[in-house]
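Observations on chain architecture
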Amino acid sequence: MIKVSVMYPNNPSARFDHDYYRDKHMPLVKARMGDACKFYTVDKGLAGGAPGAPATYVGMCHIYCDTVEAFQSGFGPHAKEILADIPNYTDLQPVIQISEVVVGQ
């Protein structure tokens, strides 16, 4: 299994609408990807590692798929629509990483 992490760096002057991201954007991603997306999670940054430090990322999602190819075939045909929705919830540029899930539930 692989995990595609989409992370939005915390910038105090940036805009990030967590409600829109959770309630509209991520359901759109899942609907378009269909069965290629096994499930996803959404995180809201609370704090950094040191006491009083801000969260490194204001928000992020993790999309779980069987393979990189499954992600690409599910996301690729809808990339334009999905990416066009980003300005509806943020003005940040996401950081993206694809990882192999070595240990999970």
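Structural data are supplied above this passage.
Bear in mind the structure is a predicted one, so any value in this text is a computation, not a measurement.

**Remarks on the overall build of the protein chain**
If you tally the helices and strands in the protein chain, you get three helices and four strands. Ordered by position in the sequence, the α and β elements of the protein chain form the string β-α-β-β-α-α-β. In terms of overall dimensions, the protein chain is globule-like: its C-alpha atoms have a radius of gyration of 14 Å, near the 13 Å expected for 105 residues. C-alpha atoms of the protein chain, sized along the principal axes, occupy 40 × 35 × 20 Å. With 105 residues in all, the protein chain has 35% of them scored as buried. Taking as baseline every contact in the protein chain between residues at least 6 positions apart, the subset at least 24 positions apart corresponds to 76%. As displayed, the protein chain has an accessible area near 6400 Å², and 54% of this comes from carbon and sulfur atoms. Between the centroid of the 9 positive side chains of the protein chain and the centroid of its 11 negative side chains there is a distance of 4 Å.

**Notes on the sheet that holds strand E2 (residues 39-44)**
Here we have four strands laid out as an open sheet, ordered E2-E3-E1-E4, and antiparallel in their pairing. In the strand order of this sheet, the two ends are held by E2 and strand E4 (95-100), each with one partner. Across the sheet, the axes of successive neighbouring strands diverge by a mean angle of 15°, strand direction being ignored. Two strands pair when backbone bridges link them, and E2 and strand E3 (residues 57-65) are joined in this way by six bridges, in the antiparallel orientation. Paired with Val42 across the strands is Cys61, a residue of E3. Contacts between helix H1 (residues 18-33) and the sheet are confined to strand E1 (2-9), E2 and E3, with E3 contributing the most and set at about 20° to the helix. Along the sheet, helix H2 (residues 68-75) contacts E1, E3 and E4; its crossing angle with E1, the most-contacted strand, is approximately 60°.

Thresholds, definitions, all that
- Residues numbered from 1 in each chain as written.
- Predicted model: local features only at pLDDT ≥ 70, side-chain atom pairs only at ≥ 80, totals over all residues.
- Heavy atoms only, no water.
- Helix = DSSP H or I, 4+ residues; strand = E, 2+ residues; numbered from the N terminus.
- Rg over C-alpha atoms; globule rule 2.2 N^0.38 Å.
- Buried < 20%, exposed > 50% of the residue type's maximum accessible area, 1.4 Å probe, protein only.
- Contact = heavy atoms within 4.5 Å.
- Areas by Shrake-Rupley, 256 points an atom, 1.4 Å probe, with all protein chains shown as cover.
- Lys, Arg positive; Asp, Glu negative; His and termini not counted.
- Charge placed at Lys NZ, Arg CZ, Asp CG, Glu CD.
- Pairing = 2+ DSSP bridges.
- Axes fitted to C-alpha atoms, helices over the stretch in contact; angles between N-to-C directions.

Honestly, that's just the spatial picture; any functional story needs more than this.
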